[in-house]
Amino acid sequence: MKTSYTEALRVLAGETYDVTFLEETDSTNRVAKGLAEQGAPEGTVVFAEKQTAGFGRMGRPFFSPGGSGLYFSLLLRPDPCCFDAARVTVTAAVAVAEAVEEVLKLSLSVKWVNDLYYQNKKVCGILAQGGTDGEALYCILGIGLNVFAPQDGFGALSEIAGALLNEKPNSALLARLGIAILDRFFALYKGEFTFCLKEYRRRSFLTGKTVTVVRGEERFCGTVRGIDDTGALLVEADGTVRAFSSGEIALEDYR
Ligand code: BTN
């Protein structure tokens, strides 16, 4: 992936998105949060070629080396009465999957709630963080997509992490993918959540699998029965079905 896709991205973004492009930063979520707190509008997006301290859920590091992925954060200004971070995450997962399918012709599956997989490897992580600047609510939606494997591989993560392509994409393609994700996200975000859920369920590979849901000290082992209308994971054990709106999933035979 030749650096950088900045120009192509700016052209495609046009007036629709206010794009900041950084060659290197610690975390685009952190930068976008700063912009939100200065009053930046919905549609502000921060892309970085490389992150030195990208992070995911539970503050875990998100490996973001230069020249291999799309790392970006989008600022949303949701209506406080209806804001739901899980819903934003589900919507983003579907948007990424559909954009990848449209632009690269590859099919991704979803591991509830915020991971996307390709050929049994995690290729994308999503992190939605809510906050307030005075009285206004904002949400930073961070997306990290491994487009091309880094030159030195994924190191200690190579059992878990993978990339979409073997060939380095050109910058025009990469920019097209970035904008397609944003366009798809907003189209879904403004539409009916039920439509989004249908697509999310279709791509979810956990259904029917035995999992352990980990929430703090709690461990709940059971069989995944599906995803309810709020996006919560339904897990059955001993004839009782529980709905989990958050938690980490451990699988016996999968990552
Ligand atoms: C996860 O796997 O738990 C979520 C990973 C989210 C990573 C993205 S990369 C762009 C944005 N900046 C960050 O620091 N995190 C998100």
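Residues numbered from 1 in each chain as written. Predicted model: local features only at pLDDT ≥ 70, side-chain atom pairs only at ≥ 80, totals over all residues. Heavy atoms only, no water.

Digging into the pattern of salt bridges
Next up, step 1: By the definition in use, this model includes 15 salt bridges.
Next up, step 2: Note that Arg-202 and Glu-199 form a salt bridge whose closest N and O atoms lie 2.7 Å from each other. With Arg-202 and Glu-199 both in helix H5 (residues 193-203) and 3 residues apart, the pair spans about one turn of that helix.
Next up, step 3: For Asp-229, the salt bridge identified is with Arg-201, shortest N-O distance 2.9 Å. Of this pair, Asp-229 sits in the loop between strand S9 (218-227) and strand S10 (233-237) while Arg-201 sits in helix H5, and the two are 28 residues apart along the sequence.
Next up, step 4: What makes Asp-229 exposed here is its relative accessible area of 58%.
Next up, step 5: Linked by salt bridges that have partners in common, Glu-101, Glu-199, Arg-202 and Arg-203 make up one network. (Salt bridge = Lys/Arg side-chain N within 4 Å of Asp/Glu carboxyl O. Helix = DSSP H or I, 4+ residues; strand = E, 2+ residues; numbered from the N terminus. Buried < 20%, exposed > 50% of the residue type's maximum accessible area, 1.4 Å probe, protein only.)

Remarks on a nonpolar patch on the surface
Next up, step 1: Together, Phe-63, Leu-157 and Ile-160 make up an exposed nonpolar region whose accessible area comes to about 230 Å².
Next up, step 2: Locating Phe-63 in the fold gives a position in the loop between strand S2 (44-51) and strand S3 (69-76).
Next up, step 3: With relative accessibility at 36%, the residue Phe-63 sits in the partly exposed group. (Patch = residues over 30% accessible without salt bridge, like charges linked within 9 Å, V, L, I, M, F, W, Y side chains within 5 Å. Areas by Shrake-Rupley, 256 points an atom, 1.4 Å probe, with all protein chains shown as cover.)

A short note on the site of the ligand
Next up, step 1: Taken together, 20 residues form the shell around the ligand, and within it Ser-27, Gln-51, Phe-55, Arg-57 and Lys-122 come nearest.
Next up, step 2: At a separation of 2.7 Å, an oxygen atom of the ligand approaches a polar side-chain atom of Ser-27.
Next up, step 3: Between the ligand and the protein, one listed contact pairs a nitrogen atom with a backbone N or O atom of Phe-55 at 2.7 Å.
Next up, step 4: Burial of the ligand by the protein chains amounts to 97% of its free accessible area of 420 Å².
Next up, step 5: Element by element, the count of residues in the shell around the ligand is highest for strand S6 (residues 121-133), at 4 residues. (Near = heavy atom within 4 Å. Polar contact = N/O pair within 3.5 Å; in protein donor to acceptor, adjacent residues only side chain to side chain.)

What about the packing of aromatic side chains?
Next up, step 1: Enumeration according to the criterion identifies 10 aromatic pairs in this entry.
Next up, step 2: Here the aromatic rings of Tyr-117 and Phe-205 are separated by 5.2 Å at their centres, their planes lie at 75°, and the arrangement is edge-to-face. With Tyr-117 in strand S5 (residues 115-118) and Phe-205 in the loop between H5 and strand S8 (210-215), the pair connects residues that are 88 residues apart, well separated along the chain. Here Tyr-117 matches Phe-205 in class, with each residue buried.
Next up, step 3: The residue whose ring lies beneath Arg-242 is Phe-220, and the NZ or CZ to ring-centre distance is 4.8 Å. (Phe/Tyr/Trp six-rings, centres within 6.5 Å; stacked < 30°, edge-to-face > 60°. Lys NZ or Arg CZ within 6 Å of the ring centre and 35° of its normal.)

Looking at the sheet that holds strand S7 (residues 136-146)
Paired through backbone hydrogen bonds, the strands of a sheet run either parallel or antiparallel to each other.
Next up, step 1: In space, the 7 strands of this open sheet follow the order S1-S2-S3-S7-S6-S5-S4, with mixed pairing throughout. Since the sheet does not close on itself, it has two edges, and those belong to strand S1 (18-25) and strand S4 (109-111), each with one partner. Going from strand to strand, the sheet's axes swing by 20° on average, the running direction of each strand aside.
Next up, step 2: Across 10 bridges, S6 lies against S7 in antiparallel orientation. Bridge pairing links Leu-127 to Gly-142 in S7.
Next up, step 3: Sitting on the sheet, helix H4 (residues 171-190) is in contact with S2, S3 and S7, with an inclination near 30° to S3. (Pairing = 2+ DSSP bridges. Axes fitted to C-alpha atoms, helices over the stretch in contact; angles between N-to-C directions. Contact = heavy atoms within 4.5 Å.)

So, the environment of Phe-47
Next up, step 1: Note that Phe-47 resides in strand S2.
Next up, step 2: Distance in space between the C-alpha atoms of Phe-47 and Thr-210 is 37 Å, their sequence separation being 163 residues.
Next up, step 3: Excluding its chain neighbours within four sequence positions, the residues that come into contact with Phe-47 are Tyr-5, Leu-9, Val-19, Thr-20, Phe-21, Leu-22, Thr-28, Leu-70, Tyr-71, Phe-72, Gly-178 and Leu-182.

Considerations on the pairing of S6
Next up, step 1: Summarising the sheet, S5 and S6 pair through 4 bridges and their orientation is antiparallel. Pairing of Tyr-117 across the sheet is with Lys-122, part of S6.

Read these as geometric descriptors, not functional statements.
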